[in-house]
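Observations on chain architecture
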Amino acid sequence: MLKNWNKPEKPEAEELEERLEAAKQKLRQQQMLIKDRKLPVFVLFEGWGTAGKGSILGKLILNIDPRFFKVATMDIPTEEEKRKPFLYRYFVKIPEAGKFCFLDSGWMDEVTKGCLHGSIKDKEYKKRIDSVKRFERQLTDNGYLVMKFFFQISQKEQKNRIKALEKERSTKWRVSDNDLWQNEHYDKCLKTYDQYLNDTNASTSPWYIVDAQNRKWALLQVLETLVNGIDTALQNSAMAVPLLQNVFPLEKIPKLSELPLDKVIEEDAYKQELKELQEKLRGLHNELYRKKIPVIIAYEGWDAAGKGGNIKRITGALDPRGYEVHPIASPEPHEKARHYLWRFWNRLPKTGHVAIFDRTWYGRVMVERLEGFCNENDWKRAYNEINEFEKELSDWGAVIIKFWVQIDKDVQLARFTDRQNTPEKQWKITDEDWRNREKWDQYEDAVNEMIKKTNTSYAPWHVLESNDKKYARIKALKIVIKELEKVL
């Protein structure tokens, strides 16, 4: 893109000023439309060092109400961020519906620096490109406007700007070692940037190359492109998104109704196995921490199926400093205002730690689907998005263990009745539980479809037959141990 780029013609001074004022006025007017229509706008500034990204950004945000935007400068990843997936620190920055987020450098800068300095080889580069493309597409599919700007200057212009900054004591600090290295290796950088721009240029999130030779002209290019993008996004906000075909390896799994639920374990055998298995898991947890392997255990299942007791037997074997249990309820307003996976990205473990989810991202294709909290296009699209999410985690090196805790209708009724009639258990039963029970058949159909479409080779489902809770606990421990031993 950079090598074949045709520099746009800069207007005369008078026209430039008129167009600047018109674009600024347009952006001010669009703010309320963005807020009312709940359009989230994610803007990425990339480009050469000293190309003026920071100063242009500073002038741009003067036209936006400070309550409606955030700016983040993405420096090199911290030690904490290096222990999370590559995209973690960008996904957590996505804006709420109706607001802007501006990133001064981002995922392009991180990937290209890795390529230029040898920490990212060809195979890893391809994986990162796939991750970036999925990330950007998922955002636009879920109603985000993603605007990506690359600020282009020549080698000579960059050198002149570096010299000018270095002359003054007050501006010398703004020249980084990376700026100097870039200028010295300009052709090598140009080739890498050009490759990246070509690889990640999509119709839904295209790259806009900004002629940054003149700052006022650069500001006009950004403003006009941004307001035009906002206009288009507002016009297209009601359009349905095409459903993508699944490209991930799926494994066959029986329907819930085909599974026998008569499996039981005797009390003495249960106590003995529980003790032995927990001791074994305790040792494996130490190995996980030493080898910095992240583990994600996801629980879904019927109300009163015994998820809580099952989780308790897993955590009973773990060092409390090395795990966290995340009980997932209805999303808070600030969570609902973002991509539905945002609150799960926020809860991912760092390497060597365990995250246990009591209910998960699969709510999108169960509760949200059946209760009408999202539209049909949203939940149908989610199967592929979830497979992508879990692939990202798997490629990062995470062990993903997914449990569906299965009981039959009669057992659920007996447990509901027991909770209703036992004072110390009444907090466990709600009117919503009874309402959901009335939709058992609909939920079972949704669960069967969910399991079938997301039973991937890298993140398969494990069904726990939980009419006998003790049997389900022992089975869960065995599965966790087996999966951890496999990776260790």
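My aim in this report is to walk through the structure given alongside it, one point at a time. (Residues numbered from 1 in each chain as written. Predicted model: local features only at pLDDT ≥ 70, side-chain atom pairs only at ≥ 80, totals over all residues. Heavy atoms only, no water.)

Thoughts on the packing of aromatic side chains
This structure, assessed with the given rule, holds 28 aromatic pairs. Between the aromatic rings of Y196 and W207, the centroid separation amounts to 6.3 Å while the plane-to-plane angle is 70°, which identifies the pairing as edge-to-face. One end of the pair, Y196, is in helix α9 (residues 186-199); the other, W207, is in strand β5 (residues 207-211), and eleven residues separate them in sequence. A cation over a ring is seen here: R67 above F68, with NZ or CZ 5.8 Å from the ring centre. In this structure, K84 is placed above the aromatic ring of Y88, and the distance from its NZ or CZ to the ring centre is 4.2 Å. (Phe/Tyr/Trp six-rings, centres within 6.5 Å; stacked < 30°, edge-to-face > 60°. Helix = DSSP H or I, 4+ residues; strand = E, 2+ residues; numbered from the N terminus. Lys NZ or Arg CZ within 6 Å of the ring centre and 35° of its normal.)

Focus on the sheet that holds strand β3 (residues 100-104)
The sheet built from five strands is open, its strands ordered β2-β3-β1-β4-β5 with parallel pairing. Of all strands in the sheet, those with a lone pairing partner are β2 (69-73) and β5, marking the two edges. Averaged over all pairs of adjacent strands, the angle between their axes in this sheet comes to 20°, without regard to strand direction. With five bridges joining them, strand β4 (residues 145-152) and β5 adopt parallel strand pairing. The residue bridging K148 from the neighbouring strand is W207, located in β5. Across the sheet, α9 touches β4 and β5, and the angle it forms with β4 is around 160°. (Pairing = 2+ DSSP bridges. Axes fitted to C-alpha atoms, helices over the stretch in contact; angles between N-to-C directions. Contact = heavy atoms within 4.5 Å.)

Focus: the pattern of salt bridges
Scanning all chains against the criterion turns up 44 salt bridges. With its nearest N and O atoms 3.5 Å apart, the salt bridge here joins R89 to E81. Given a relative accessible area of 23%, E81 falls into the partly exposed group. Through salt bridges with shared partners, a single network forms among E81, R89, E110, E124, K127 and R128. (Salt bridge = Lys/Arg side-chain N within 4 Å of Asp/Glu carboxyl O. Buried < 20%, exposed > 50% of the residue type's maximum accessible area, 1.4 Å probe, protein only.)

Considerations on the pairing of strand β6 (residues 295-301)
Where burial is concerned, most of β6 is hidden: seven out of the seven residues are buried. By the alternation rule, side chains of β6 split into V295, I297, Y299 and G301 and I296, A298 and E300, which are all buried. Taken together, the five bridges between β6 and strand β8 (residues 354-358) define a ladder with parallel strand orientation. Looking across to β8, one finds that Y299 is bridged to D358. Direction of pairing for β6 relative to strand β9 (residues 399-406): parallel, over a ladder of seven bridges. In the sheet register, I296 faces β9, and the bridge partner there is I400.

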